[in-house]
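Chains, contacts and geometry: an overview
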Amino acid sequence: MSNHKEGRGGMAAISAPIEEIEKTLKQVKGYVIIANRNCPAQSTISGEGEAVKEACALIQKQGYDALLLAINVAFHTKMVAPISDTIFAMQNSVRVGQINFPIQSNVTGDFYPDDVPFNESFWALISKHAASPVRFMENLDSLYKKGARTFIELGPGSALTGFTQATLTSEPITAGSCMLRKGSQVTQFLRMMGLLASKGKKPNLERLFAHRITAHENRIIVPVNRVRSQSTSENREPTHAEPVDDWLPQLPNVSPEALEQYLTQRGDYLRDMMRNLV
């Protein structure tokens, strides 16, 4: 997409109320718009390079933070409109599989119409994404109105989790990410499962434990070097494996209490997951 010369420009992250950003952009001579409506106090602007720099300077004079991004294309603006034609033409070569759950569009900030995908209206809408502002706040509001209370960020980082928590502040929600840029992604995923369990959700744990423990006659085989003695805090010597009765007899239906008991015996690596639940 960056090969489109028409889209050469810049982008910047602005930590300021959207209303203040909109007022400031009206003072800029060149073309620059709010490209990402992330949360009430953070947005991304995009447009002509000099106009973006001018906007950042004006924002900073008002005491707000403005950070130029290492991007030389004005994504989510009319400056990259040719990209939309390229994407729309892909309908002749890209097959869209069956979608079994509702999906949302950043272009409209709402759900795709019921008659998509598999027709031109789907491609007409999705092709506008690169050249249209991202209405993430509207997406969250729409999801919340439909009853969504649990939000899980699957991509790298935790920016969207922060935007979600900063936007949906009127009612309690559960929001978390499981692919932080630092640390073990396995640990992060397990923490997410623990977070969901602590909130009363029922994640299917069968695959999670498929290669970690051995189930035999409703008993779980746990290596002794991972089991603490009942009478002392000292770890017993790893001599053999022993069965532990009444632990997770049915993996898919394990309770949060039983899960915590088991994970506590797994050492710091998994015990930390349950200790830091929020």
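Quick summary incoming for the structure in this document.

Parameters and conventions
Residues numbered from 1 in each chain as written. Predicted model: local features only at pLDDT ≥ 70, side-chain atom pairs only at ≥ 80, totals over all residues. Heavy atoms only, no water. Helix = DSSP H or I, 4+ residues; strand = E, 2+ residues; numbered from the N terminus. Buried < 20%, exposed > 50% of the residue type's maximum accessible area, 1.4 Å probe, protein only. Contact = heavy atoms within 4.5 Å. Salt bridge = Lys/Arg side-chain N within 4 Å of Asp/Glu carboxyl O. Phe/Tyr/Trp six-rings, centres within 6.5 Å; stacked < 30°, edge-to-face > 60°. Lys NZ or Arg CZ within 6 Å of the ring centre and 35° of its normal. Pairing = 2+ DSSP bridges. Expected span 1.5 Å × (residues − 1). Core = buried A, V, L, I, M, F, W, Y, C linked by side-chain atoms within 4.5 Å.

With respect to the overall build of the protein chain
Helices and strands together make up the secondary structure of the protein chain, namely nine helices and 11 strands. Every one of the 278 residues in the protein chain was classed for burial, and the buried ones make up 40%. A sequence separation of at least 24 residues applies to 63% of the contacts in the protein chain between residues at least 6 apart.

Considering the pattern of salt bridges
If you walk through the whole model with that rule in mind, you get four salt bridges. With a closest N to O distance of 3.9 Å, E50 and K53 form a salt bridge. In this pair, E50 and K53 both sit in helix 2 (residues 49–61), three residues apart, roughly one turn of the helix. Classification of E50 as exposed rests on a relative accessible area of 58%. A residue is classified by how much of its surface remains accessible, and K53, at 45% relative accessible area, is partly exposed. Across the pair K145 and D141 runs a salt bridge, and its minimum N-O distance is 3.2 Å. Of this pair, K145 and D141 both sit in helix 5 (residues 136–145), separated by four residues, roughly a single helical turn. Exposure remark for D141: the relative accessible area of 36% places this residue in the partly exposed category. Salt bridges linked by common partners bring E22, R37 and E138 together as one network.

Here's the deal with the packing of aromatic side chains
Within the structure shown, the criterion is met by two aromatic pairs. Arranged with centres 5.7 Å apart and planes meeting at 40°, the rings of Y112 and F122 form a pair that is tilted. With Y112 in the loop between strand 6 (110–111) and helix 4 (120–126) and F122 in helix 4, this pair connects stretches of sequence that are 10 residues apart. On the basis of relative accessibility, which here comes to 5%, the residue F122 falls in the buried class. Ring plane angle 80° and centroid distance 5.5 Å describe the contact between F122 and W123, whose orientation is recorded as edge-to-face. Like W123, F122 is buried. Across from the ring centre of Y144, 3.6 Å away, lies the NZ or CZ of R149, which sits over that ring.

Observations regarding the environment of L140
Positionally, L140 belongs in helix 5. Spatially, the C-alpha atom of L140 lies 9.8 Å from that of Q104, the residues being 36 residues apart in sequence. Among all residues touching L140, those that are not within four sequence positions of it are F151, F163, T164, T167 and L168.

What to know about the pairing of strand 3 (residues 42–47)
With respect to burial, strand 3 is a largely interior element, six of its six residues being buried. Here strand 3 shows no split at all, with Q42, T44 and S46 on one side and S43, I45 and G47 on the other all buried. Where strand 1 (residues 10–15) and strand 3 come together, five bridges link them in antiparallel fashion. Within strand 3, the residue paired with I14 across the bridge is S43. For strand 2 (residues 32–39) and strand 3, the ladder comprises six bridges, and the chain directions are antiparallel. Bridging across to strand 3, R37 finds its partner in S43.

Re helix 2
Between its first and last C-alpha atoms helix 2 spans 19 Å; for 13 residues at 1.5 Å apiece the expected length is 18 Å, and the two agree. Check the buried side of helix 2 and you find it contacts strand 1, helix 1 (18–25), strand 2, strand 3 and strand 4 (65–68).

What to know about the nonpolar core
Ranked by size, the top nonpolar core spans 17 residues in total, and within it I14, I21, L25, V32, I45 and C56 carry the most contacts. Mapped by element, the contributors of at least two residues to this core are strand 1, helix 1, strand 2 and helix 2. By residue number, the principal contributor to this core is helix 2, which donates five residues. If we ignore the near neighbours within four places in the chain, the residues touching C56 are A12, I14, I45, A66 and L68.

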